[in-house]
Amino acid sequence: MYESELAKIGWKGGFGKAVAAVAGVSLLLGIAELFVLHPPFAYLVLLSFTTVAFPPLALYFYLGYLRSKRLKEIDDNLPSALFQMASFPRRTSAERMMESVAKSDYGALSGEFARAGKQVRAGMSVPKALEALRERNDSLLLGRAVALLQNSYESGADMSGAFRSAAEDIFRLQALGREHASAMTIQKYTLFAGGAVLVPLILGLLLNIVSSLDFASAGEFGVSVENHEALVEAIVLGEQIYMVIFAAIASMFIASNEGNAAKAVLYFAVSAPLALLVFALVRGISVI
């Protein structure tokens, strides 16, 4: 599924081999850091996700981003291609329509139609070449356009009205999709910034203020300096656990709204270590 994206960055092996190679290097690096750095238990989350888990996750989702970007380019250019096919006179062959789209400046869409045209010239039937085009691209909108082309080829009927109607429907769907994406983007970044930056910032500042208070008179109430330090350590650990849980919940919520649950892992791999890092930096600041 991601082979073409891997080819673009120069990888000759398969998708599974690429992820496995990156994961193996990350795991070895993480083990080496454990022996060299001996990090506290609380920051094993930061170490594991930034060194062990993040690189293979980043590769997986980067390839997914390239793939979704390519599909978006196809969908964005599809209405113009449909209007172009609708402008042809009646009984224009499907091969000529495909050739016209292939020669136009529609990016990946033109490339796909050019590939289908080569398959037809090599002896493949038009319906099979169009079906192969549909199977190569996981786009519902392109699938509908391909179905119209197949109907035009098999029936010989004038499909210009159907092409025009499909293009107008796609324009309306894309406008609604952009409005929804804009609303979700604001919510997404607000929640992400809250979990990764604002919450650890506020918790760290509050803990700094409490820790800097004078507890010399606390001995009258049976609270020793040692007990106070142990209490602060327990609070620090509790806040770190809270931030990790908050990051996990926020990541799942954002991914659910985007309709891609797998992205929750990526968001958590970024937000949880970032929250712990911000908290650690704030804890190093003297407030009073």
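See the structure printed just above.
Residues numbered from 1 in each chain as written. Predicted model: local features only at pLDDT ≥ 70, side-chain atom pairs only at ≥ 80, totals over all residues. Heavy atoms only, no water.

It is worth spelling out the packing of aromatic side chains at this point. This structure, assessed with the given rule, holds 2 aromatic pairs. Aromatic side chains Tyr-242 and Phe-246 sit 6.1 Å apart centroid to centroid with 40 degrees between the ring planes, which places their arrangement in the tilted category. A residue pair is termed a helical-turn pair when its members lie 3 or 4 positions apart in one helix, as Tyr-242 and Phe-246 do in helix H9 (residues 225-258) at 4 residues. What makes Tyr-242 partly exposed here is its relative accessible area of 42%. Phe-246 sits in the partly exposed class, given a relative accessible area of 25%. (Phe/Tyr/Trp six-rings, centres within 6.5 Å; stacked < 30°, edge-to-face > 60°. Helix = DSSP H or I, 4+ residues; strand = E, 2+ residues; numbered from the N terminus. Buried < 20%, exposed > 50% of the residue type's maximum accessible area, 1.4 Å probe, protein only.)

Okay, a nonpolar patch on the surface next. A contiguous nonpolar surface patch, about 810 Å² in accessible area, is contributed by Val-197, Leu-198, Leu-201, Ile-202, Leu-205, Leu-206, Ile-209, Leu-274, Leu-277 and Leu-281. Put simply, the parts of the chain that give the nonpolar patch at least two residues each are helix H8 (160-211) and helix H10 (263-283). Here the nonpolar patch gets 7 residues from one element, more than from any other, and that element is H8. Along the chain, the position of Leu-201 falls in helix H8. Judged by its relative accessible area of 31%, Leu-201 falls in the partly exposed class. (Patch = residues over 30% accessible without salt bridge, like charges linked within 9 Å, V, L, I, M, F, W, Y side chains within 5 Å. Areas by Shrake-Rupley, 256 points an atom, 1.4 Å probe, with all protein chains shown as cover. Salt bridge = Lys/Arg side-chain N within 4 Å of Asp/Glu carboxyl O.)

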